Amino acid sequence: MAENNECTHDCSSCGADCPSRGGEAIQKEKLNPRASVKHVVGVVSGKGGVGKSIVTSMLAVEMNRRGKTVAVLDADITGPSIPKAFGAKRGVEAVDDVMIPHYTKTGIQLMSVNLLLEDEASPVVWRGPVIAGAVKQFWTDVVWQDVDYMFVDMPPGTGDVPLTVFQSLPLDGIIIVTTPQELVSMIVEKAVNMAKLMNIPIVGLVENMSYAVCPDCGKRLNIFGESKAQKAAEQYGIPLLAQIPLDGKLASLVDSGEVEQMENDYISPAADAVEGVE
Ligand code: ADP
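This one's a predicted model, so the numbers in the text were calculated from it and none came from an experiment.

K.L.:
Please provide a residue-by-residue account of the confidence of the model for the chain, values included.
P.N.:
Summary statistics for the chain give a mean pLDDT of 86 and a share of 90% for residues scoring 70 or more. Low pLDDT, under 50, characterises residues 19–24; the predicted model gives this stretch 8 contacts beyond four residues in sequence or across chains.

K.L.:
With reference to specific residues and values, describe the sheet that holds strand β5 (residues 102–103).
P.N.:
Ordered by their spatial adjacency, 8 strands build an open sheet running β5-β6-β2-β7-β1-β8-β9-β12, and the pairing between neighbours is mixed. Every other strand in the sheet has two partners, leaving β5 and β12 (240–243) as the edge strands with one partner each. Summarising the sheet, strand β9 (residues 202–207) and β12 pair through 3 bridges and their orientation is parallel. Opposite V206, over in β12, you have A242 as the bridge partner. Relative to the sheet, helix α6 (residues 187–197) contacts β8 (173–178) and β9, its axis offset from that of β8 by approximately 175°.

K.L.:
Could you give an account of α6, naming the residues involved and the relevant values?
P.N.:
Turning to α6, its buried residues are V188, A191, V192, N193, M194 and A195. Buried residues in α6 make contact with α4 (160–168), β8, α5 (180–183), β9 and α7 (229–236).

The rules behind the values
- Residues numbered from 1 in each chain as written.
- Predicted model: local features only at pLDDT ≥ 70, side-chain atom pairs only at ≥ 80, totals over all residues.
- Heavy atoms only, no water.
- pLDDT = per-residue confidence, 0-100.
- Contact = heavy atoms within 4.5 Å.
- Pairing = 2+ DSSP bridges.
- Helix = DSSP H or I, 4+ residues; strand = E, 2+ residues; numbered from the N terminus.
- Axes fitted to C-alpha atoms, helices over the stretch in contact; angles between N-to-C directions.
- Buried < 20%, exposed > 50% of the residue type's maximum accessible area, 1.4 Å probe, protein only.

In structure tokens form, the structure reads like this:
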């Protein structure tokens, strides 16, 4: 159904499961019978490079510190950054047609295409349906072990691939990651509308690279001007969960695969909201 609830009969640009789809609605994939996952939260962004993976990683670390069993499904197949952030190398085990996820140093379960590739630097040049198929397999063929919260690093954007992933995984909620520049465009609005069309609850908005802190005087510098995040969140009717500064220390931890050693609490309010996801 189109945004104004009028069906345009163009199912390729719409995710609603309505009669006009003529029975070709995409089915939610079934979790592997040997796996157990209680809550699934997607982390999305209107475009790449805004910090979706960093936010996914921080959420996973924070929830793990809170004593939850946590997993990350890296569905950003063409730009997989999750293994790097956790210092995880190739070596996922396949046993009897199922895959055992990688366990990080602190016990977070990971699955990413980069853990399967011979050479992690080789580009994934697959077409949309193959990408979507790989994500589905990460859901159906991986033995996720007693997971309380799974975070899905979603493919960026609002095109065909994210749409299929949205439809095939049973997401309980999504977190939208944005930057100050993105907020002034229509991109975030598109992501909000996509989630609403799919009837997936939006947990809230995280503004990344929101500001910087002067290393000398500790003053908050609004590099991109006064933040518009609160206003945008109100406009979309969703909570603003966190504002994360540009932080060189955080970037170097992520670059060196040590995100589990982060010392900030930027993501804490977003983790509180995730704990409320049914
Ligand atoms: P996305 O998943 O949206 O493509 P990433 O999370 O991979 O984006 O982030 C892109 C790059 O920007 C990474 O190198 C990351 O370390 C850096 N980065 C993201 N957020 C911050 C931040 N708040 N402070 C410093 N560097 C950041």
